[in-house]
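# Inside the fold
What follows is the residue order along each chain.
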Amino acid sequence: MPPEPRADRCPGVLRPHEAADGAMVRVRVPGGQTTGAALRDLSRLAQTYGSGLLQLTSRGSLQVRGLPAAVPEPFEDAVGAAGFLPSAAHERVRNVVASPLTGLSGGRADLRPLVARLDRALVAEPRLADLPGRFLFVLDDGRGDVDGLGGDLGYRALDAGRGELMVGERRRVRPVRLVEVADTLVALALRFLERRTDEWHVRQLTEPLVEGTEPALRPPSVPAAPDVVGAHLVVDVPLGLLSPVQVDAVHAAVGGGPVVVTPWRSLVLPDAGPARSALAAVGLVTEPGSAWSLVSACVGSPWCSQGRAETQTLAAQLVAAGGPGVRTHLSGCERRCGAPAEAHTDLVAPTRVDIAELLLARA
């Protein structure tokens, strides 16, 4: 008999992770597509039951930290009522990243309807509840901003009605019509489950999931950075930690309407250009070129029991000194949690963080 798959400890709402600062839950937000009203609901839950902060992840999800070891049932129920938990069985496998500006600006297709269709299709298939919590679906609208994020299965638009299936490490297969994508990706995910023994990702299979794949021609990556894009505003969230006052400002800026959580710990706020000053006043980064846009960090000590340094404090000191000049990630241990997918300088404790040296490298 094949070996049993390794235990999957990827957290969810109903399967918390025990951290040094209490229980942490991860709330999936397929495609990053949510609303200011839903964010405010989740923020209020974080204030009532946890640390009060919402933490943005590198997959466009949200985390609530500082919860009791036994996460209260009313918290779980309220997360569901806010629209973040359509299926208890599938909560940890709704990992879908999409181009954050799709349907708003640029790109070859509006993939927002596809995000919704794929999410419904995942939840509707009982067998897919067994997907690993790290398995990732990536939907790129043709601009090339998310197709390099290490997806297992995905789609990249060629035009408004068709595109390429992506399998594993940016391997492409035959073109497919947009209307067929959700069902096709579900079928491939089921095929992965049939072939899987101890693997978490498609790239780890000993045999190709799909024959005849070839390397994809990857266009330049264009992550959503702080700026005004038409009538829309992209704001960075320093260190991915969204405070209650910032959530309230976001809610006011969009009138409770659509918000997109990006894989780069930023938010896309449709039609929120006029609120730029108000958002900057609460500490969100609204201008291109901010030092915060180049600095990220794991939670570090004392939040994480593995952390050997207060990475959040070091990051703030680095920004206060003028920033590193190059993309830099600070990690409290060798796991390098939250490290960006793009090229970056990696600082791991107990490596000495020499701010002066980093500033010299910028010159």
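In case you missed it, the structure is sitting above this.
Predicted, not measured: the structure shown is a model, and the values here were computed from it.

### Topic: the sheet that holds strand E14 (residues 241–242)
Sheet architecture is open: 5 strands sit in the order E1-E2-E5-E4-E14, paired in antiparallel fashion. Taken across any chain shown, the strands that pair with only one partner, and hence form the sheet edges, are strand E1 (17–19) and E14. Bridge count for strand E4 (residues 54–56) against strand E5 (residues 62–67) is 3 bridges, and the pairing is antiparallel. Counted as the bridge partner of Leu54 is Val64 from E5.

### Regarding the packing of helix H1 (residues 36–49) against helix H2 (residues 73–81)
Two elements in contact, H1 and H2, have axes separated by 10 Å at closest approach and are oriented at 175°. Between H1 and H2, the angle falls in the class roughly antiparallel. Side by side, H1 and H2 meet where Leu42, Leu45 and Tyr49 of the first sit next to Pro74, Phe75, Ala78 and Val79 of the second. Taken together, the residues of the contact of H1 with H2 sort by class into 7 nonpolar, no polar and no charged.

### Let's talk about the sheet that holds strand E16 (residues 266–269)
The strand order across the open sheet formed by 5 strands is E3-E15-E16-E13-E12, and the pairing between neighbours is antiparallel. Every interior strand has two partners, whereas the edge strands, strand E3 (33–35) and strand E12 (227–229), have only one. Within the sheet, the average angular offset between the axes of one strand and its neighbour, ignoring direction, is 30°. Across 3 bridges, the pairing between E12 and strand E13 (residues 232–236) is antiparallel. Its bridge partner being in E13, Val229 is matched across the sheet by His232. Contacting E3 and strand E15 (258–261), H1 crosses the sheet at an angle of about 75° to E3.

### So, the packing of H1 against helix H5 (residues 244–254)
Here H1 crosses H5 at 160°, and the two axes come no closer than 9 Å. Relative to H5, the element H1 is oriented roughly antiparallel. The crossing of H1 and H5 is left-handed. Along its contact with H1, which presents Gly36, Ala37, Leu39, Arg40, Ser43 and Gln47, the element H5 presents Pro244, Val247, Asp248, Val250, His251 and Val254.

### Observations regarding the pairing of E5
When you tally the buried positions in E5, you get 5 out of 6 residues, the bulk of the element. Strand direction decides the pairing type here: strand E2 (residues 22–27) and E5, joined by 4 bridges, are antiparallel. Bridging across to E5, Val27 finds its partner in Leu62.

### Here we look at the nonpolar core
Counting 38 residues, the largest nonpolar core has Leu42, Phe75, Leu267, Leu269 and Leu279 as the members making the most contacts within it. Discounting chain neighbours no more than four positions away, the residues touching Leu267 are Leu56, Leu233, Val234, Val235, Val237, Leu242, Val250, Val259, Val260, Val261 and Thr262. If you look at the next biggest cluster of nonpolar residues, it comprises 35 residues, including Ala98, Leu114, Val115 and Phe137.

### Some details on the pattern of salt bridges
Oppositely charged side chains are able to pair whenever their charged atoms sit close together. Counting across every chain of the model gives 14 salt bridges. Across the salt bridge formed by Arg112 and Asp110, the nearest N and O atoms sit 2.9 Å from each other. A relative accessible area of 32% places Arg112 in the partly exposed class. Residue Arg156 pairs with Asp147 through a salt bridge whose shortest N-O separation is 2.6 Å.

### Quick word on H2
Listing the buried residues of H2 in full gives Phe75, Glu76 and Val79. Buried residues in H2, looked at end-on, bunch into an arc of 100°, giving them a common side. In H2, those exposed residues whose orientation departs by more than 90 degrees from the buried face are Glu73 and Ala81. Taken from the residues just after H2, Gly83 is the one with a positive phi, measuring 95°.

Rules used throughout
- Residues numbered from 1 in each chain as written.
- Predicted model: local features only at pLDDT ≥ 70, side-chain atom pairs only at ≥ 80, totals over all residues.
- Heavy atoms only, no water.
- Pairing = 2+ DSSP bridges.
- Helix = DSSP H or I, 4+ residues; strand = E, 2+ residues; numbered from the N terminus.
- Axes fitted to C-alpha atoms, helices over the stretch in contact; angles between N-to-C directions.
- Parallel < 35°, antiparallel > 145°, perpendicular 65-115°, else oblique.
- Contact = heavy atoms within 4.5 Å.
- Nonpolar A, V, L, I, M, F, W, Y, C, P; charged D, E, K, R; others polar.
- Left-handed = near helix turned anticlockwise from the far one by under 90°.
- Buried < 20%, exposed > 50% of the residue type's maximum accessible area, 1.4 Å probe, protein only.
- Core = buried A, V, L, I, M, F, W, Y, C linked by side-chain atoms within 4.5 Å.
- Salt bridge = Lys/Arg side-chain N within 4 Å of Asp/Glu carboxyl O.
- Arc of directions from axis to C-beta.

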